[in-house]
Amino acid sequence: MSAQDATGAHPPCVPEQHPGLRGLAPFRQGKSTLDDHVNPIKLSANESHHGPSPLAVEAYRNHSGQLFRYPDGAQSQLRRAIAETFGLRAQGIICGNGSDELLQLLIRAYVRPGDDVVFSRHSFAMAVVHATAQGARIVTADEPELRPDTDSLLAAMAPRTRAVIIASPNNPVGRYLPRAELERLRRDLPAETLLIVDAAYADYVEAEDFEPGQALVDAGSNTVMTRTFSKLYGLAGLRIGWMYGPANVVDAVERIRTPFSASADAMAAATAAVRDVRYTRFVRDYNTAQLRRIEAGVTAMGAGIEFLTTHANFYLLRFTDDRHTEEGAAQALERQGIIPRPVAAGGPARCLRITVGLQHENDAVLGVLADYMAR
Ligand SMILES: Cc1ncc(COP(=O)(O)O)c(C=O)c1O
């Protein structure tokens, strides 16, 4: 018999949720359709508009006769292909259902209820969700230059800090923590604090002083890097990502990971994709060239709009006068069948995020924005 409340009614008896879930809202995906446009140009999710390497598509198709088989839980071929392509130890690699799953596993393996997790401000929203659900206290370190900032991260440390998580390049800005600053961060963090470098957009970065985190993984036992096939490799729909960590971190994740969360068709496609280094270079070069064109186009629009330097496959536009706003620009784009991504609460003010598309798609964006700014 359930207890009665003051009004005599029986309160509903429902199973109690984990307290970590309090205050969490379900994830909201960016818009992907528009009422008045059958085929909108979707520039809201940082997908690769080139699609995957043709060799990856072929490997995926060739796998169709094997769908009745479980995947290789040891992930041998994909681990080897990643290791050979990036010059890493194959034993340090674990693949999963997107880098999202690997971030969740790392948090589950290392964070206890009541621990602090320090996040750099512009990190991956789902990683914050995973840490919150685990019962952690979320501590946010500011990004004064709109990129992870070593001094802010170190200042946010407390005795209960279990892990520090940065996205480099970050999202929604596309800026990274330079190598020397990343090394200083690792050097000045307590050795027992796990540093997680979410390098989902690393494949796009061409800058000499960029380090995605793998050198620190190899140099110690307290840094781990996560990567994805969802962005440059064009495999977002298959859900496949990977992490690279020292033996102790790999051991922890191996104990809790679901053996078959990286599907066999995803691993077949990703293996071919990561080995197709010519295609990878083509997509990276194209992105860099498009960013230059877009920056020049936006700069030519004059006062009122600013292109923020980025190293990823998306960019932020900031609106700086009274007559133009990010909402106004988003509406103008949507009226012409183009879907940008509004910046979530806590992101840089007065900004709109747009994914780099194919040249004609980027030109369409520039055309709409030039009209909007001329109003
Ligand atoms: C910064 C960052 N990290 C991680 C991810 C997760 O990517 P996935 O789970 O598709 O590998 C994303 C996806 O948008 C991202 O923007």
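Note that the structure is predicted; figures quoted are calculated from it, not measured.

Peer 1: Can you lay out the site of the ligand for me, pointing to particular residues and giving the numbers?
Peer 2: The environment of the ligand is made up of Gly98, Ser99, Asp100, Phe124, Asn171, Asp198, Ala200, Tyr201, Thr228, Ser230, Lys231 and Arg239. At 3.1 Å from an oxygen atom of the ligand is found a main-chain nitrogen or oxygen belonging to Asp100. Contact with the protein chains removes 91% of the 400 Å² of surface that the ligand exposes when unbound. It is helix α3 (residues 98-110) that provides the largest number of residues to the shell around the ligand, a total of 3 residues.

Peer 1: If you had to explain the sheet that holds strand β6 (residues 194-198) to someone new, which residues and values would you point to?
Peer 2: A sheet is described by the order of its strands in space; here 7 strands give the open sequence β2-β8-β7-β6-β5-β3-β4, paired in mixed fashion. For this open sheet the edge positions go to β2 (93-96) and β4 (137-141), each flanked by a neighbour on one side alone. When the angles between neighbouring strand axes are averaged without regard to direction, this sheet yields 20 degrees. By the bridge criterion, 4 bridges tie strand β3 (residues 116-120) to strand β5 (residues 161-167) in an arrangement that is parallel. When the sheet's bridge partners are listed, Val117 is paired in β5 with Ala163. Sheet strands in contact with α3 are β2, β5, β6, β7 (223-228) and β8 (241-244), and its direction is about 155 degrees off that of β7. Packing against the sheet, helix α4 (residues 125-133) makes contact with β3 and β4, and its axis sits at approximately 170 degrees to β3.

Peer 1: Which residues make up the packing of helix α11 (residues 326-335) against helix α12 (residues 359-374), and what values do they have?
Peer 2: Here α11 crosses α12 at 130 degrees, and the two axes come no closer than 10 Å. Classified by the angle between their axes, α11 and α12 sit oblique to one another. Crossing of α11 over α12 shows right-handed handedness. Seen from α11, the contacting residues are Gly328, Ala329, Ala332 and Leu333; seen from α12, they are Val365, Val368, Leu369 and Tyr372.

Peer 1: Give me helix α8 (residues 247-256): which residues, what numbers.
Peer 2: Listed in full, the buried residues belonging to α8 are Val249, Val250, Ala252 and Val253. With its buried residues spanning 160 degrees around the axis, α8 presents them on a single face. In α8, the exposed positions angled more than 90 degrees off the buried face are occupied by Ala247 and Arg255. Where α8 is buried, its residues contact β2, α3, β6, β7 and β8.

Peer 1: Explain the side chain of Asn46 residue by residue, including any values.
Peer 2: Along the polypeptide, Asn46 turns up in the loop between β1 (41-42) and α1 (54-62). One polar contact links Asn46 to Thr355, side chain to side chain, over a distance of 2.8 Å. Excluding anything up to four places from it in sequence, Asn46 contacts Asn171, Tyr201, Lys231, Asn313, Phe314, Arg353 and Thr355.

Peer 1: Describe the packing of aromatic side chains, with residues and values.
Peer 2: If you walk through the whole model with that rule in mind, you get 9 aromatic pairs. For the ring pair Phe319 and Tyr372, a centre distance of 6.4 Å and an interplane angle of 75 degrees mean the geometry is edge-to-face. One end of the pair, Phe319, is in strand β10 (residues 314-319); the other, Tyr372, is in helix α12, with 53 residues separating them in the sequence. Sitting over the ring of Phe86, Arg227 keeps its end group 4.9 Å from the ring centre. The cationic tip of Arg353 hangs over the ring face of Phe314; the distance from NZ or CZ to the ring centre is 5.5 Å.

Peer 1: Let's hear about the packing of α1 against helix α9 (residues 264-275): which residues, and what values?
Peer 2: It is the contact of α1 with α9, at a shortest axis distance of 7 Å, that shows an interaxial angle of 150 degrees. Judged by the inter-axis angle, α1 sits roughly antiparallel to α9. Classified by chirality, the crossing of α9 by α1 is right-handed. When α1 is examined against α9, the residues Leu55, Ala56, Ala59 and Tyr60 are found in contact with a partner set consisting of Asp265, Ala268, Ala269, Ala272 and Ala273. Of the residues assigned to the contact of α1 with α9, the class counts are 8 nonpolar, no polar and 1 charged.

Peer 1: Give a description of the pattern of salt bridges that names residues and reports values.
Peer 2: Per the counting criterion, the structure on display carries 19 salt bridges. A salt bridge links Arg137 to Asp116; its shortest N-O distance comes to 2.8 Å. A residue pair is termed long-range when its members are at least 10 positions apart, and Arg137 in strand β4 and Asp116 in strand β3 qualify at 21 residues. Since its relative accessible area comes to 3%, Asp116 is described here as buried. It is possible to trace a salt-bridge network through shared partners that takes in Arg79, Glu254 and Arg257.

Peer 1: Could you give me a rundown of the pairing of strand β13 (residues 351-355), with the residues and numbers involved?
Peer 2: Buried residues dominate β13, accounting for 5 of its 5 residues. Here β13 shows a buried face lined by Cys351, Arg353 and Thr355 and a second buried face lined by Leu352 and Ile354. Bridge count between strand β12 (residues 341-342) and β13: 2 bridges; the pairing is antiparallel. Directly across from Pro342, in β13, lies its bridge partner Leu352.

Peer 1: Residue-level account of the environment of Ala45, with values.
Peer 2: With respect to the helices and strands, the residue Ala45 is situated in the loop between β1 and α1. Sequence-wise, Ala45 and Arg353 are 308 residues apart; in three dimensions their C-alpha atoms are separated by 9.5 Å. Once residues lying within four places of it in the same chain are set aside, the contact partners of Ala45 are Lys231, Arg353 and Thr355.

Peer 1: Please provide a residue-by-residue account of the nonpolar core, values included.
Peer 2: With 37 residues, the main nonpolar core has Phe229, Ile240 and Trp242 as its most contacted residues. Of all the secondary structure elements, the ones that give two or more residues to this core are α2 (76-86), β2, β8, α9 and α10 (277-300). Broken down by element, the residue count for this core peaks at 6 residues, all from α9. The next biggest cluster of nonpolar side chains, apart from the first, holds 25 residues, and it includes Ala329, Ala330, Leu333 and Val368.

The rules behind the values
Residues numbered from 1 in each chain as written. Predicted model: local features only at pLDDT ≥ 70, side-chain atom pairs only at ≥ 80, totals over all residues. Heavy atoms only, no water. Near = heavy atom within 4 Å. Polar contact = N/O pair within 3.5 Å; in protein donor to acceptor, adjacent residues only side chain to side chain. Areas by Shrake-Rupley, 256 points an atom, 1.4 Å probe, with all protein chains shown as cover. Helix = DSSP H or I, 4+ residues; strand = E, 2+ residues; numbered from the N terminus. Pairing = 2+ DSSP bridges. Axes fitted to C-alpha atoms, helices over the stretch in contact; angles between N-to-C directions. Contact = heavy atoms within 4.5 Å. Parallel < 35°, antiparallel > 145°, perpendicular 65-115°, else oblique. Left-handed = near helix turned anticlockwise from the far one by under 90°. Buried < 20%, exposed > 50% of the residue type's maximum accessible area, 1.4 Å probe, protein only. Arc of directions from axis to C-beta. Phe/Tyr/Trp six-rings, centres within 6.5 Å; stacked < 30°, edge-to-face > 60°. Lys NZ or Arg CZ within 6 Å of the ring centre and 35° of its normal. Nonpolar A, V, L, I, M, F, W, Y, C, P; charged D, E, K, R; others polar. Salt bridge = Lys/Arg side-chain N within 4 Å of Asp/Glu carboxyl O. Core = buried A, V, L, I, M, F, W, Y, C linked by side-chain atoms within 4.5 Å.

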